[in-house]
Amino acid sequence: MRKIWSMHLKDNRENGKNIDSDEKFNTCKIHNILAIGWQDCDTDDTCAYKKAYNALKKMSKGDLVWVKNPQKQEYYICEILNNRMIDFDKELAAFDISIGRIAEFHRVDEKDLPKDKIPFPRQTIQQIRMKPENYNLIMETILLFERISEN
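Residues numbered from 1 in each chain as written. Predicted model: local features only at pLDDT ≥ 70, side-chain atom pairs only at ≥ 80, totals over all residues. Heavy atoms only, no water.

**Concerning helix α3 (residues 135-149)**
Right, so step 1: Between its first and last C-alpha, α3 extends 21 Å over 15 residues, near the 21 Å set by a 1.5 Å rise per residue.
Right, so step 2: Listed in full, the buried residues belonging to α3 are L137, I138, T141, I142, L144, F145 and I148.
Right, so step 3: The secondary structure elements touched by the buried residues of α3 are β1 (4-7), β3 (64-68), β4 (75-80), β6 (99-108) and β7 (125-128). (Helix = DSSP H or I, 4+ residues; strand = E, 2+ residues; numbered from the N terminus. Expected span 1.5 Å × (residues − 1). Buried < 20%, exposed > 50% of the residue type's maximum accessible area, 1.4 Å probe, protein only. Contact = heavy atoms within 4.5 Å.)

Written as structure tokens, this is what we have:
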């Protein structure tokens, strides 16, 4: 069964030139990527990086990831397209993008959002685990994706 995730695609660097904007989100969408920042960071450097890196590593082809444009508040379901993690070029570091996965973005109309609120994490990436309280959200996400990806 597909795993379901939620992820932030925003520049959280304190001195990042794109902080609180949708530039990172738009860059990821244009390039069909889901990415984290921390350019030139070793996995032992920060706890947040390590958690985000490990979550990216656990994603598999076919997994679904909820993302949201931080400015426009638009929701997307992204499908992970392969099982590879990719180190991106240094030119994307300006957008707080260094490592990630290839994904296909599918816009979700507000009227089609699941009844259960999508839990966006305090950290960068979070798996929405199969627990009784998440069952409806997971099933609605899968059915919604199947419907919108056919178009």
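**Here we look at the pairing of β4**
Right, so step 1: The element β4 is largely enclosed, with a buried count of six among its six residues.
Right, so step 2: The two faces of β4 match: Y75, I77 and E79 on one face and Y76, C78 and I80 on the other face are all buried.
Right, so step 3: Note: β3 against β4, five bridges, orientation antiparallel. Considered in β4, the bridge of V67 is made with Y76. (Pairing = 2+ DSSP bridges.)

**Notes on the environment of E110**
Right, so step 1: Mapped onto the elements, E110 comes out in the loop between β6 and β7.
Right, so step 2: Separated by 35 residues in sequence, E110 and Y75 place their C-alpha atoms 7.6 Å apart.

**Details of a nonpolar patch on the surface**
Right, so step 1: Where nonpolar side chains cluster on the molecular surface, the patch consists of M1, M130 and Y135 and spans about 380 Å² of accessible area.
Right, so step 2: Here M130 is to be found in the loop between β7 and α3. (Patch = residues over 30% accessible without salt bridge, like charges linked within 9 Å, V, L, I, M, F, W, Y side chains within 5 Å. Areas by Shrake-Rupley, 256 points an atom, 1.4 Å probe, with all protein chains shown as cover. Salt bridge = Lys/Arg side-chain N within 4 Å of Asp/Glu carboxyl O.)

**Looking at the side chain of S6**
Right, so step 1: Within the fold, S6 resides in strand β1.
Right, so step 2: Among the polar contacts made by the side chain of S6, one reaches the main-chain carbonyl oxygen of P119 at a distance of 2.7 Å.
Right, so step 3: Dropping the residues within four chain positions of it, S6 is found in contact with V65, W66, P119, F120, P121, T124, I125, Q126 and I128. (Polar contact = N/O pair within 3.5 Å; in protein donor to acceptor, adjacent residues only side chain to side chain.)

**Describing the environment of F145**
Right, so step 1: Turning to its location among the elements, F145 is positioned in helix α3.
Right, so step 2: For F145, a relative accessible area of 3% puts it in the buried group.
Right, so step 3: With residues near it in sequence (within four places) discarded, F145 still touches R2, L64, I77, E79 and H106.

**Considerations on the nonpolar core**
Right, so step 1: L34, I36, V65, V67, F105 and I125 are the most contacted members of the largest nonpolar core, which has 28 residues in total.
Right, so step 2: Listed by contribution, the elements that provide at least two residues to this core are β1, α1 (23-31), β2 (33-36), α2 (47-58), β3, β4 and β6.
Right, so step 3: Looking at this core element by element, the count peaks at five residues for α2.
Right, so step 4: When residues no more than four places from it in sequence are discounted, the contact partners of V65 are W5, S6, M7, L34, M59, Y76, I77, C78 and I80. (Core = buried A, V, L, I, M, F, W, Y, C linked by side-chain atoms within 4.5 Å.)

**A word on the state of the cysteines**
Right, so step 1: Applying the stated rule across the entire model yields zero disulfides.
Right, so step 2: Of the cysteine sulfurs around C28, a residue in no disulfide, the closest is that of C78, at 9.0 Å. (Disulfide = S-S within 2.5 Å.)

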